[in-house]
Amino acid sequence: MALPYYEDVTPGLGVLPPRSTAVSDAAAMTLDGEWRFRLYPDGAGAGSPDVDDADWDLLPVPAHWQLHGHGSPAYTNVAYPFPVDPPHVPDENPTGEYRRDFTLPADWPAGDAVLRFDGVDSCFRVWLNGTELGHAKGSRLPAEFAVGPVLRPGRNVLAVRVHQWSAGSYLEDQDMWWLSGIFRGVTLLARPADGLPDFFVQADYDQETGAGTLSVRTDRPALLSIPDLGLIDVPAPGEYRIESVSPWSAEVPTLYRGTLATAGERVQLTIGFRTVAVVDGVLTVNGRPVLLRGVNRHEWHPEHGRAVPPETMLADVLLMKRHNINAVRTSHYPPHPHFLDLCDEYGLWVVDECDLETHGFQFVEWRGNPGDDPAWSDALTDRMRRMVERDKNHPSVIMWSLGNESHTGRNLAAMADWTHQRDPGRPVHYEGDQNCAYTDVYSRMYAPHADVDAIGRHAEPPTDDPADDAHRRSLPFVLCEYAHAMGNGPGGLTEYQELFERYPRCAGGFVWEWIDHGIPRTASDGSRYYAYGGDFGEPLHDGNFIADGLVFPDRTPSPGLVEYGKVIEPIRIEPTADNVRITNRYDFADTGHLAFEWSVQREGVPVAEGPLDVPLLAAGSSALVPLGPFPVDGETWLTVRAVLASDTAWGDAGHEVAWGQAPIAVPVGAFPSARTDIRLGPGVFDERGRLTAIGDIEVDGPRLDVWRAPTDNDSGHDGYPVAAVWRGLGLHRLRHRVVSVVADAGLTVTTRVGPAAMDLAFDAVYRWVAEDDRLGLTVDVRPIGAWPGVLPRVGVRMAIPAELARITWFGAGPGESYPDSHRAARIGRHTLNVDEWQTPYVFPQENGHRADVRWALLTANSGTGIRIAGYPIFGLTARRWTSEDLDAARHTNELRPTDRIWLNLDAAQQGLGSASCGPGVLREHELHPAAVTLRLVLSQI
């Protein structure tokens, strides 16, 4: 029995050869808008395309039908949601029937025309005016069909049948929501008889002479005009040398505008001169090493899925530029072509990735994997060809990627061979080729810091074949995915960046990933939250692993993005009390677009500021600039900032690009001395030695706390799941026993704290003293027994009245910070409401910790409240629910305020790491059980 076309492994039928996208003066007509739609439960669909659609629903194009009430989204990371039985798919194959009437304009030119689909998931078949045009697969790739002989004046009827599952689905297992439909635009394009079918512009730059070589290949003779280069109506195809051009880079994205014209068509050109090469094992552009400060970007919009509006694409690019990101890997498929236009214009290096991932074959030990099965050869090569031909004229694309997590095999090698022949000017990337037999860079995912260090030194373990080993060691190294940004994290970014900057072989990497793929939902009580895998009744899913981005679903930057932007900042600012060293870490740009300024703050309050005269610094150079003297009184900090000197395409004047801080005076405060009476200043205690009030403000605690609601990284995935160890030990259910309460020079309360069923414990001794209106507390914590592993935190927890919701503190901020994620936090005076203090991770977890707090004021609207000071510092967390409440919640709307504010006052916290899909916490940021002392002073305001 012949296979249905949607189970055929071939790319399709009737599809025209791929070509580049271009803006042309030929007639064009968008067919986006409201289409008639009906969903059928199996691959048969509605049968004839000439059905009566009068009672069908309306569905927007572009869109996914599951996001408009037809079926439900489903999320898996690796596993296919259907049996691994290639190329077959289940009989339960939801099939959407689309129909659209359109009227051809009266002035539409006679002759050839094509119908272009920019993205349809996962397989579709097309009829125009009852005539079948063909069918195609490759969801995130364009497909064009010839329609000239079928078009008719006036009314035309277009019918499209879209199958959710097809043989192509085996190639599209890309760690994302399974969503279907016509999700990119549909366009009717006139093709003039003397038009320009396709063209290929290659613009190389010679860094030695400053000259550019422009090679233009066309399918038929044309005239090339680029006025700014002095080229007016010169022949194409052809090659031209321009003695002086300004090169294109992600930092200075200089573009030259022009046209290619034939008798029947004029096409716009956007040209950037740049040369990509691997030189002595180093990735270079225009003769200079480049460091990729990158991010992996899935296409996502919380309401529209992968049907991303143009304004949202621009928002992504602007957010990236404003957080110092300079590179994008288009994981794991080519993006909408408009996104690449924006990368050309605003400046982002792009690794353009093919629409290919077969990760689910991992569960069957890669048996039948399309990457090595000759039956799939045409399908895989076709996908590569369609991407390269579509995107070949974009200067921002500096590397082609064969796809993601598809193991290895002959078909992938064939894809690379075709690409090398078609476009030798760009390296080919594929992480699955671990021996680099057919790729031009050595790529890894989630390599631990120690591995990156070894690779940077060319000291990684050898491969089996000496020749392969020597070849791989001669290549630059890229982390195509690292620093998994799931939930609270990632940690360890600073240490990765130090390695990238230390070793020329290391070309940087791409954080996984850009955005949380949350889908907004409304609970029965009207509260809103973001849904993830399993929230739509999927029998097989991977939970909140879809929420692993640097921005939340609404594109609010997470603390992880703020941290990343600080870690990768292109200007290094290292101040002291006397001078500041400014280092230009750009690859190309000088500092002419920046202004520098300094300020001095005393306990976070500005006392002096001014501009800083920094000489013009070329890329890679530095200068030592004298400073001071400055006014000094109390704890005083110097901050030096680099900001945009004037408006740019992506940021306003004054936008902060980089900053550095240094203390110039840090006095030691006085801790209250012991008094001989037991009336401890403002403190009121019960008979068990527990603090119940500070002045007339009721409080509860403090008492020892070592638990935090586990982060996604604590829970682990590929890394060490420390949360499971913590729960096994019972750290979330400790019990407290008062051993003694002794009134001496103050009040000493000795306790023993431990979990049920264990003989492990902590001795916690609270020593209270008072002086006038201040209450001093020293907490000595000592672990008892052989505690394994690490602890979540060590500190105390207390509760205060809910109205004390305004928090002003002097310390690190304004955002959250943890031991291995704190570069973006600056020392200063900050103020937030307790509700603003929270970070709304899609999956609730530990958040909101502020490190290095000197003092904090928690006040009501009236101004009354309490003051907590550290000697010298402490970590502070404040929320309207307990850690237990946070741990129990699965969505943000389940967090309901209590009648108190719960404070954690920490001596130490465990780092974050990236173990949700990568390395755990570095040793230096781990919190191992040991004796700890925390010193605090409390008073009423």
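Quick notes on the rules
Residues numbered from 1 in each chain as written. Predicted model: local features only at pLDDT ≥ 70, side-chain atom pairs only at ≥ 80, totals over all residues. Heavy atoms only, no water. Helix = DSSP H or I, 4+ residues; strand = E, 2+ residues; numbered from the N terminus. Rg over C-alpha atoms; globule rule 2.2 N^0.38 Å. Contact = heavy atoms within 4.5 Å. Areas by Shrake-Rupley, 256 points an atom, 1.4 Å probe, with all protein chains shown as cover. Phe/Tyr/Trp six-rings, centres within 6.5 Å; stacked < 30°, edge-to-face > 60°. Buried < 20%, exposed > 50% of the residue type's maximum accessible area, 1.4 Å probe, protein only. Lys NZ or Arg CZ within 6 Å of the ring centre and 35° of its normal. Salt bridge = Lys/Arg side-chain N within 4 Å of Asp/Glu carboxyl O. 1 Å grid on protein atoms, 1.4 Å probe; cavity = no way out; pocket = protein on both sides within 12 Å on 5 of 7 lines; lining within 4 Å. Points joined across faces, edges and corners; volume = space filled by probe spheres on them. Nonpolar A, V, L, I, M, F, W, Y, C, P; charged D, E, K, R; others polar. Axes fitted to C-alpha atoms, helices over the stretch in contact; angles between N-to-C directions. Parallel < 35°, antiparallel > 145°, perpendicular 65-115°, else oblique. Left-handed = near helix turned anticlockwise from the far one by under 90°. Expected span 1.5 Å × (residues − 1). Pairing = 2+ DSSP bridges. Polar contact = N/O pair within 3.5 Å; in protein donor to acceptor, adjacent residues only side chain to side chain. Core = buried A, V, L, I, M, F, W, Y, C linked by side-chain atoms within 4.5 Å.

Q: Looking at this structure, I do not really get the overall build of the protein chain. What am I missing?
A: What the protein chain contains, in helices and strands, is eleven helices and 57 strands. Against the 2.2 N^0.38 benchmark of 30 Å for 941 residues, the protein chain shows a C-alpha radius of gyration of 31 Å, consistent with a compact globule. Dimensions of the protein chain along its principal axes, counting C-alpha atoms only, are 100 × 65 × 60 Å. Counting contacts in the protein chain only where the partners sit at least 6 residues apart, residues at least 24 apart contribute 74% of the total. Of the roughly 34,200 Å² of accessible surface on the protein chain, a fraction of 51% belongs to carbon and sulfur atoms.

Q: Please explain the packing of aromatic side chains as it appears in this structure.
A: The geometry of an aromatic ring pair is captured by two quantities: the separation of the ring centres and the angle between the planes. Summed over the entire model, instances satisfying the criterion amount to 33 aromatic pairs. For the pair Tyr482 and Tyr496, a centre-to-centre distance of 4.9 Å together with 75° between the ring planes defines the contact as edge-to-face. Placement of Tyr482 in strand β32 (residues 477-482) and of Tyr496 in helix α7 (residues 493-502) is noted, with a sequence separation of 14 residues between them. With relative accessibility at 1%, the residue Tyr482 sits in the buried group. The class of Tyr496 is buried, set by a relative accessible area of 2%. Centroid distance Phe552 to Tyr841: 5.8 Å. Interplanar angle 70°. Geometry classified as edge-to-face. On the criterion of sequence distance, the pair formed by Phe552 in the loop between β35 (528-531) and α8 (559-567) and Tyr841 in the loop between β53 (826-833) and β54 (850-859) is long-range, its members being 289 residues apart. A relative accessible area of 3% means that Tyr841 is categorised as buried. Taken together, Tyr80, Phe82, Trp165, Tyr170, Trp178 and Phe361 form an aromatic cluster joined through their ring pairs. Over the ring of Phe339 we find Arg297; its NZ or CZ atom is 3.8 Å from the centre of that ring.

Q: Explain the pattern of salt bridges to me, please; I cannot follow it from the model alone.
A: Opposite charge on two side chains lets them pair, provided their charged atoms get close. Under the defined criterion, the tally for this structure stands at 60 salt bridges. The partner of Arg125 in a salt bridge is Glu132, with the nearest N and O atoms 2.8 Å apart. One salt bridge connects Glu501 with Arg572, and the closest N-O pair in it is separated by 2.9 Å. Highlighted residues: Glu501 in helix α7 and Arg572 in strand β36 (residues 571-575), separated in sequence by 71 residues. A cluster of three or more residues bridged by salt bridges with shared partners is formed by Asp121, Arg140, Glu172, Arg306, Asp355 and Arg383.

Q: What is the right way to read the layout of surface pockets from this model?
A: Think of a ball as big as a water molecule: rolled over the atoms, this probe shows where empty space is left. Estimated volume of the second largest pocket: approximately 750 Å³. Within the residue set of the lining of the second largest pocket, elements represented by two or more residues are α7, α8, β36, β42 (656-665), β54, β55 (865-879), β56 (900-909) and β57 (932-940). If one sorts the elements of the lining of the second largest pocket by residue count, β55 sits on top with five residues. Here the residues of the lining of the second largest pocket are counted per class, giving 18 nonpolar, ten polar and ten charged.

Q: Teacher, can you tell me more about the packing of α7 against α8 here?
A: For any two helices packed against each other, one specifies the crossing angle of their axes together with the interaxial distance. At a minimum axis distance of 10 Å, the contact between α7 and α8 shows a crossing angle of 30°. Viewed along their axes, α7 and α8 adopt a mutual orientation that is roughly parallel. As α7 packs across α8, the resulting crossing turns out to be right-handed. Residues Leu493, Thr494 and Gln497 of α7 touch α8, and the partners they reach there are Gly560, Glu563, Tyr564 and Val567. Of the residues belonging to the contact of α7 with α8, the class tally is three nonpolar, three polar and one charged.

Q: Is there a simple way to think about helix α3 (residues 377-391) in this case?
A: Since the α-helix turns once every 3.6 residues, residues separated by three or four places project in the same direction. The terminal C-alpha atoms of α3 lie 22 Å apart, and with 15 residues this matches the ideal 21 Å at 1.5 Å per residue to within 8%. For α3, the tally of buried residues reaches twelve of 15 residues, placing the bulk of the element in the interior. Taken as a whole, α3 has its buried residues at Ala379, Leu380, Thr381, Asp382, Arg383, Met384, Arg386, Met387, Val388, Glu389, Arg390 and Asp391.

Q: Would you mind going over the sheet that holds β32 with me for this structure?
A: In a beta sheet, neighbouring strands pair by backbone hydrogen bonds and run either parallel or antiparallel. With parallel pairing, eight strands are arranged side by side in an open sheet as β30-β29-β28-β27-β26-β33-β32-β31. Only two strands of the sheet have a single neighbouring strand rather than two, namely β30 (428-429) and β31 (442-445). Strand direction decides the pairing type here: strand β27 (residues 327-329) and strand β28 (residues 349-353), joined by three bridges, are parallel. The residue bridging Ala327 from the neighbouring strand is Trp349, located in β28.

Q: Could you clarify how one ought to interpret the pairing of β57 in this entry?
A: On any regular strand, side chains alternate: one points to one face of the sheet, the next to the other face. Bridging between strand β50 (residues 774-784) and β57 involves seven bridges; their strand directions are antiparallel. In the strand pairing of β57, Asp780 is matched with Thr933. Here five bridges tie β55 to β57, and the two strands are oriented antiparallel to one another. Bridging across to β57, Arg867 finds its partner in Ser939.

Q: Explain the sheet that holds strand β23 (residues 276-279) to me, please; I cannot follow it from the model alone.
A: Spatial ordering of the open sheet is given by β23-β24-β25, a layout of three strands whose pairing is antiparallel. The open sheet is flanked by β23 and β25 (288-289), the only strands paired with a single partner. Sheet analysis places β23 next to strand β24 (residues 282-285), joined by four bridges and oriented antiparallel. When the sheet's bridge partners are listed, Val278 is paired in β24 with Leu283.

Q: Would you mind showing me how to read the environment of Arg257 here?
A: Within the secondary structure, Arg257 is located in strand β21 (residues 256-261). The partly exposed category is assigned to Arg257, whose relative accessible area is 48%. Sequence spacing of Arg257 and Asp228 is 29 residues, and the spatial spacing of their C-alpha atoms is 7.8 Å. Excluding residues within four positions of it along the chain, Arg257 makes contact with Ile226, Pro227, Leu269 and Thr270. One polar contact links Arg257 to Thr270, side chain to side chain, over a distance of 3.4 Å.

Q: How should I be thinking about the nonpolar core in this particular structure?
A: Where a protein is soluble and globular, its nonpolar side chains tend to be buried together. By size, the foremost hydrophobic cluster in this structure holds 123 residues, and its most contacted members are Leu402, Val452, Tyr482, Trp514, Ile582 and Leu612. The residues contacting Leu402, other than those within four sequence positions of it, are Cys354, Leu356, Met384, Leu412, Met415, Ala416, Val428, His429, Tyr430 and Tyr438. Ranked by size, the runner-up nonpolar core spans 58 residues in total, among them Trp707, Leu777, Ile800 and Ile868.

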